[in-house]
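# Architecture at a glance
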2 protein chains.
Amino acid sequence: MCIWGRKSDERTFGDRPRRIVVIGAGFAGLAVIKGLRKSSAYVSVIDRQNHHLFQPLLYQVATASLNPSDIAGPIRRIVRGRKNTETLLADVTGIDLDRRVVTLADGEAPYDVLVLASGATHSYFGHPEWEEHAPGLKSVEDALEIRRRMLLAFEIAERETDETLRREWLTFVVVGGGPTGVELAGALRDVARMTLAKDFVHIDPATARVILVEGSPRVLTPYSPKLSESARRQLEGLGVEVRTGSIVTHIDAEGVHIGDERIASRTVLWAAGVAASPLGRTLGVPLDRAGRVMVQPDLTIPGHPEVYVIGDLAHLEQDGKPVPGVAPAAAQMGKHAAANIIRTFRGQPTEPFRYVDKGSMATIGRGAAVAHLGRFQFSGFPAWMLWLFVHVLFLIGFRNRLLVVIQWAWSYLSYDRGARLITGRAEGPLVRGLTDSRLPSTSEAEAIQG
Amino acid sequence: MCIWGRKSDERTFGDRPRRIVVIGAGFAGLAVIKGLRKSSAYVSVIDRQNHHLFQPLLYQVATASLNPSDIAGPIRRIVRGRKNTETLLADVTGIDLDRRVVTLADGEAPYDVLVLASGATHSYFGHPEWEEHAPGLKSVEDALEIRRRMLLAFEIAERETDETLRREWLTFVVVGGGPTGVELAGALRDVARMTLAKDFVHIDPATARVILVEGSPRVLTPYSPKLSESARRQLEGLGVEVRTGSIVTHIDAEGVHIGDERIASRTVLWAAGVAASPLGRTLGVPLDRAGRVMVQPDLTIPGHPEVYVIGDLAHLEQDGKPVPGVAPAAAQMGKHAAANIIRTFRGQPTEPFRYVDKGSMATIGRGAAVAHLGRFQFSGFPAWMLWLFVHVLFLIGFRNRLLVVIQWAWSYLSYDRGARLITGRAEGPLVRGLTDSRLPSTSEAEAIQG
């Protein structure tokens, strides 16, 4: 009867195969799937996108250095060849804990064990109307939209004849001084002063202002004060204006308010607030203020030992502070959840999760970064080299790794960026807000040719 | 007074700089700009996109092999460092021949010499309602939309439980048996039988039907009957169903009609009709039936020696047949127009254009192609190698060339494709037309695991 050998206990649930449903194929979800690869249970991976995204490098797509497919790969290619794993491209609308069913926009998926790893999204602190003026950076689409706006701003400035408006188009505001905001601000200045420097006739892109606005007293708050100070100095070295202790109170199509001060800017990027995936709310269990699910030490939720919540959606205290919402923590949780699932299938008790902080790093610009590894702190060029090395190492797939290295090497040597395309169909006119065509007067044309 | 030496005559027009406006930065427009690089006239390049696109490889973006930026580069990077050349991102709405002004959606651009190279667009033979069901392939956005539909069709088929509907999602119809249609059909079969072959649990992608529909009696009509026949055999060898002499009479969201026969298909691609850019009509000069401007032998239009029309928008007879609408012809016209412009600046007469056909080639699939070079005809693997070599050679920019070679080599060795991302925000539900969630029954899950 039992043809599966010693694993049959993991596989069946009563008289049918066990079904594990994993929602979300980010770092957490992928680690679960990886951890279950020797299990013979039936695994369904549900994601809204067909690809896993290497989010730490998404800002490089937004700033025209990398292509989307350099940092994203199809989920089904990652699980290829695993006969007991299916990949479903679907929108999850809710979870029915009693019936043990995930409801989809177009169907249902029953489970015996559920792993919820749907991550986080942007939060505009109760100002959803800011979103259209200040896009955030979570998906490939977000990155391409930011790329479009950034490149378009220089194009419009080139044609703008009104000096005040031209300055507005050459002013970029990044809201939020965490890693993403710091990376975006630094990369914007790199684009302005190096990549685009020689490409325009009527403007000098290097004069573009980049203003980084952070509410707390320092940038990169999760890092030590010393590294924060170093990051600030490196940003200022690239020409970024760093405004700490500054709260944004209003955003519209033409700028931002910081308290009473108005900064006129046609390109505002949002890197400030993160909100947990709304699926957490459908569980009916306690959440923290940011909407994250308060999980038990073994990563399950109270009263439901068959439901795990992991990654950015989970809130777990360790040594008095929450496990941070970073990729390594998500991956460690995923690995741990998979191990706990296998333990329960074998009738063993689950074990509590413990996050091991192996260090963290943030890049700031060309040759500029900060990093801490245990007791060691680095900044500047050594930190940047370390950052490069680690990120290439972790990119999924040999092919991507090679292409990314070549593109980085090329960018470094040539100061060029390979993906400077304005794509996507914008709503409204091609060039919104442009007052008049930029055409050279006779004297200007003379001067240019002189 | 004259500080420009012998070139001052080219530069001024009366007492101000001469202005040359080039509309369109395709192969024709780019060749004009290149040909004018030593002229000291003031050149304005106007394009709706910020990038030049290497159109012959666009189908590789549509079929997930290459990234957009591998085959497209910013126009301003191409003309970088030329102080007398400006690049304008703008929509041209009309041309006023009397006032010598190009009207833009947001301004005007006066000219002394105008070069119109705005190319061609799709034509649906008087059925604009077909466009939403059967996207064509002209821009980066088009290619990404085709990629999205192609990959999504397999995803939906994987989840579809109704066998009839599943077959419809696995049936692809390509309308038009010219080079683009042949390339798309061949690449679709390559994707189905190789790239995706092992990635699905519930379907076998290799069973996907690809039907190529062509109205005339053979595919690739510009080629010799022998090469057409070879192309047909190579397509059939890849598993493409070739239907020549078949006129499409209706297209909707669920399939196409060929005469009275209905082919149920959820993915229809359009590679049939090409119409000249509508800007040709605004000139008020004679057009051919496809809307192309009938140009004079020196590429100017009647009565306006200062207006050149070149590339796919131009109709010129040579040896009793029209110069074909292909990239080499466009580039040759551009070079010639630039030379004629310089001649007139120097007070010399213009010279008639003569197209030199250096051969042509079309790729069909992995190791499959046809080519003719003068008297020589190739097909199969040798033609494919030739095609590879020529296309890599002509790709603009060292960086792109290296990246493309690496990606092609990788694809060839691994049967994989690097850009399998479903991106872009679709209207309506994520997965349109899906009737029910695909979930394994117990017996099916058993069978899969066995």
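In this text the structure is predicted, and so the values were computed from the model without any measurement. (Residues numbered from 1 in each chain as written. Chains lettered and ligands numbered in written order. Predicted model: local features only at pLDDT ≥ 70, side-chain atom pairs only at ≥ 80, totals over all residues. Heavy atoms only, no water.)

## Some points on the overall build of chain A
Applied cut-off: Here a strand is any run of E in DSSP of at least two residues, a helix any run of H or I of at least four, and the numbering for each starts at the N terminus. Contact criterion: two residues are considered in contact whenever any of their non-hydrogen atoms come within 4.5 Å of each other. Per-residue accessibility takes into account occlusion by the displayed protein chains alone, with areas from the Shrake-Rupley method and a 1.4 Å probe.
Helix and strand content of chain A: 12 helices and 29 strands. Contacts in chain A between residues far apart in sequence, at least 24 positions, make up 64% of those at least 6 positions apart. Put simply, chain A shows about 18,000 Å² of open surface, and 55% of that area lies on carbon and sulfur atoms.

## Section: the pattern of salt bridges
All names here are of chain B. Using the following cut-off: Within this document, salt bridges are pairs made up of a side-chain nitrogen of Lys or Arg and a carboxyl oxygen of Asp or Glu, the two lying within 4 Å of each other. Burial here depends on accessible area, computed with a 1.4 Å probe over protein chains only, as a share of the maximum for the residue type. Under 20% is buried, over 50% is exposed, and the range in between is partly exposed.
Summed over all chains, the structure comprises 42 salt bridges over all chains. Ionic pairing is found between Arg-266 and Glu-168, a salt bridge with its closest N-O pair at 3.0 Å. A residue pair is termed long-range when its members are at least 10 positions apart, and Arg-266 in the loop between β18 (261-264) and β19 (267-270) and Glu-168 in helix α6 (residues 163-169) qualify at 98 residues. Given a relative accessible area of 15%, Glu-168 falls into the buried group.

## Quick notes on helix α8 (residues 225-238) of chain A
Residues and elements named next belong to chain A. For clarity, the threshold we go by: Working rule for helices: expected span equals 1.5 Å times residues minus one. Here the arc refers to the set of directions running from the helix axis out to each C-beta atom.
Between its terminal C-alpha atoms α8 stretches 20 Å, which fits the 20 Å expected from 14 residues at 1.5 Å a residue. All of the buried residues in α8 are Leu-227, Ser-228, Ser-230, Ala-231, Gln-234, Leu-235 and Leu-238. Angularly, the buried residues of α8 cover 160° about the axis, an arc narrow enough to put them on a single face. Facing away from the buried side of α8, by more than 90 degrees, are the exposed residues Pro-225, Lys-226, Arg-233 and Gly-237. In this structure, the buried residues of α8 make contact with α7 (179-195), β14 (209-213), β15 (240-243), β27 (360-365), β28 (368-373) and β29 (376-379). Phi for Gly-239, located one or two positions after α8, is positive at around 100°.

## Points about empty space enclosed by the protein
The cut-off we apply is this: Any residue with an atom within 4 Å of a point lines the site, the site being either a cavity, points on a 1 Å grid over the protein atoms alone where a 1.4 Å probe fits but cannot get out, or a pocket, an open set with protein on both sides within 12 Å along at least 5 of 7 lines. Grid points are joined across faces, edges and corners, and a volume is the space filled by probe spheres set on the points. Each residue gets one of three labels, nonpolar for Ala, Val, Leu, Ile, Met, Phe, Trp, Tyr, Cys and Pro, charged for Asp, Glu, Lys and Arg, and polar for the others, Gly among them.
Under the definition given, this model contains 6 cavities of 30 Å³ or more. Here the largest cavity is characterised by a volume of approximately 120 Å³. Lining the largest cavity are 15 residues, and of these Pro-68, Leu-144 and Arg-147 of chain A together with Pro-68 and Leu-144 of chain B lie nearest its centre. Of all elements in the fold, only α5 (140-159) of chain A together with α5 (140-159) of chain B reach the threshold of two or more residues within the lining of the largest cavity. The element that contributes the greatest number of residues to the lining of the largest cavity is α5 of chain B, accounting for 3 residues. Looking at side-chain class alone, the lining of the largest cavity contains 7 nonpolar, 6 polar and 2 charged residues.

## Comments concerning the packing of aromatic side chains
The cut-off we apply is this: Stacked, edge-to-face and tilted labels apply to pairs of Phe, Tyr and Trp rings (six-membered ring for Trp) whose centres lie within 6.5 Å, assigned for plane angles under 30 degrees, over 60, and everything in between, in that order. For a ring to carry a charge above it, either NZ of a lysine or CZ of an arginine must fall within 6 Å of the ring centroid while also lying within 35 degrees of the normal to the ring plane.
Per the stated rule, a full pass over the model turns up 14 aromatic pairs over all chains. By way of ring pairs, the aromatic residues Tyr-124, Phe-125, Trp-130 and Trp-270 of chain A are connected into one cluster. Its end group placed over the ring of Phe-376 of chain A, Arg-375 of chain A keeps NZ or CZ at 5.3 Å from the ring centre. Sitting over the ring of Phe-345 of chain B, Arg-18 of chain B keeps its end group 4.1 Å from the ring centre.

## A closer look at a positive patch on the surface
This is how it is decided: Exposure above 30% relative accessible area and the absence of a salt bridge qualify a residue for a patch, where like charges join within 9 Å and nonpolar side chains (Val, Leu, Ile, Met, Phe, Trp, Tyr) within 5 Å. Just so you know, the count uses Lys and Arg for positive and Asp and Glu for negative, and it drops His and the chain ends. Every charge is mapped to an atom, namely NZ of Lys, CZ of Arg, CG of Asp or CD of Glu.
On the surface, a cluster of positive charge is contributed by Lys-34, Arg-37, Lys-38, Lys-335 and Lys-358 of chain A. Residue Lys-34 of chain A is classed as exposed on the basis of its relative accessible area of 57%.

## Some words on the side chain of Arg-149 of chain A
Residue and element names in this part refer to chain A. Defined as follows: A 3.5 Å cut-off defines polar contacts: any pair of N or O atoms within that distance qualifies, except that in protein one atom must be a possible hydrogen donor and the other a possible acceptor, and neighbouring residues in sequence count only when both atoms are side-chain atoms.
As for its position among the elements, Arg-149 is in helix α5. Among the residues examined, Arg-149 registers a relative accessible area of 16% and is labelled buried. Separated by 2.9 Å, the side chain of Arg-149 and the backbone oxygen of Glu-132 make a polar contact. If sequence neighbours within four positions are ignored, Arg-149 has contacts with Glu-132, His-133, Ala-134, Pro-135 and Thr-267.

## Regarding the sheet that holds strand β9 (residues 101-104) of chain A
All names here are of chain A. To keep things clear, this is the line we draw: Each pair of strands is called paired provided DSSP finds at least two bridges between the two strands. Axes, fitted as lines to C-alpha atoms, cover a helix only where it is in contact. Angles between the N-to-C directions of the axes lie from 0 to 180 degrees.
Spatially, 3 strands are ordered β8-β9-β10 in an open sheet, and the strand pairing comes out antiparallel. Here the strands that pair on one side only, and so sit at the sheet edges, are β8 (92-96) and β10 (107-110). Pairs of neighbouring strands in the sheet enclose a mean axial angle of 20°, with direction left out of account. Bridge analysis of β9 against β10 gives 4 bridges, and the strand direction is antiparallel.

## Things to note about the sheet that holds strand β16 (residues 248-252) of chain A
Residue and element names in this part refer to chain A. Sheet architecture is open: 3 strands sit in the order β16-β17-β18, paired in antiparallel fashion. Edge positions in the open sheet fall to β16 and β18 (261-264), since each of these has one partner strand only. Along the sheet, successive strands turn relative to each other by an average axial angle of 20°, direction set aside. Here 4 bridges tie β16 to strand β17 (residues 255-258), and the two strands are oriented antiparallel to one another. Opposite Val-248, over in β17, you have Ile-258 as the bridge partner.

## Quick notes on a nonpolar patch on the surface
A surface patch of nonpolar side chains, amounting to about 410 Å² of accessible area, comprises Phe-381, Met-385, Tyr-412 and Leu-413 of chain A. If you list the elements that add at least two residues to the nonpolar patch, you get α10 (381-394) and α11 (398-414) of chain A.

## Focus on the environment of Lys-198 of chain A
Within the element layout of this structure, Lys-198 of chain A appears in the loop between α7 and β14. Residues Lys-198 of chain A and Val-240 of chain A lie 42 residues apart in sequence; the distance between their C-alpha atoms is 20 Å. In this view, Lys-198 of chain A contacts Arg-80 and Gly-81 of chain B; residues no more than four positions away in its chain are not counted.

## Structural notes on the environment of Asp-204 of chain A
Residues and elements named next belong to chain A. Within the element layout of this structure, Asp-204 appears in the loop between α7 and β14. Here Asp-204 falls in the partly exposed class, since its relative accessible area comes to 40%. In the structure, Asp-204 is positioned 172 residues away from Val-32 in sequence and 49 Å away in space, judged by C-alpha atoms.

## Considering the packing of helix α2 (residues 27-35) of chain B against helix α9 (residues 327-345) of chain B
Residues and elements named next belong to chain B. Condition: Note on convention: near helix rotated counterclockwise from far helix by under a right angle means a left-handed crossing. Clockwise means right-handed.
Running from N to C, α2 and α9 cross one another at 35°; their axes reach a closest spacing of 7 Å. When you trace α2 past α9, the crossing you get is right-handed. Between α2 and α9, the residues in contact are Phe-27, Ala-28, Ala-31, Val-32 and Gly-35 and Ala-327, Ala-330, Ala-331, Gly-334, Lys-335, Ala-337, Ala-338 and Ile-342, respectively. Its residues placed into classes, the contact of α2 with α9 shows 10 nonpolar, 2 polar and 1 charged.

## Here's the deal with unusual backbone geometry
Residue and element names in this part refer to chain B. Despite not being glycine, Arg-100 shows a phi value in the positive range, around 55°. Take Arg-100: it is sitting in the loop between β8 (92-96) and β9 (101-104). With phi around 50°, Phe-125 is a residue other than glycine that occupies positive phi space. Relative to the helices and strands, Phe-125 is located in the loop between β12 (120-123) and α5. A relative accessible area of 53% means that Phe-125 is categorised as exposed.

## Quick look at the pairing of strand β3 (residues 19-23) of chain B
Residues and elements named next belong to chain B. Of all 5 residues in β3, 5 are buried, a share of seventy percent or more. The alternating pattern of β3 places Arg-19, Val-21 and Ile-23 on one face and Ile-20 and Val-22 on the opposite face, and all of these are buried. Relative to strand β4 (residues 42-47), β3 is paired through 5 bridges, and the arrangement is parallel. Opposite Ile-20, over in β4, you have Val-43 as the bridge partner.

## A closer look at α9 of chain B
With 19 residues, α9 of chain B extends 27 Å between its outermost C-alpha atoms, agreeing within 8% with the 27 Å of an ideal straight helix rising 1.5 Å per residue. Following α9 of chain B by one or two positions, Gly-347 of chain B has its phi on the positive side, about 80°.

## A short note on the confidence of the model for chain A
Residues and elements named next belong to chain A. What counts here: The quantity called pLDDT is the predictor's confidence in a given residue, expressed from 0 to 100.
In the predicted model, chain A carries a mean pLDDT of 87, and 88% of its residues have values of at least 70. For the stretch residues 1-11, pLDDT sits under 50, and the model shows 24 contacts to residues farther than four places along the chain or on other chains. Between residues 426-450, whose pLDDT stays under 50, and residues either more than four places distant or in other chains, the model counts 71 contacts. Both confidence scores are given for the complex: pTM 0.87, ipTM 0.84.

## Section: the side chain of Asp-70 of chain A
All names here are of chain A. Relative to the helices and strands, Asp-70 resides in the loop between α3 (58-62) and β6 (72-74). Accessibility expressed as a relative area gives 1% for Asp-70, which makes it buried. A polar side-chain atom of Asp-70 sits 2.8 Å from the main-chain amide nitrogen of Asn-67.

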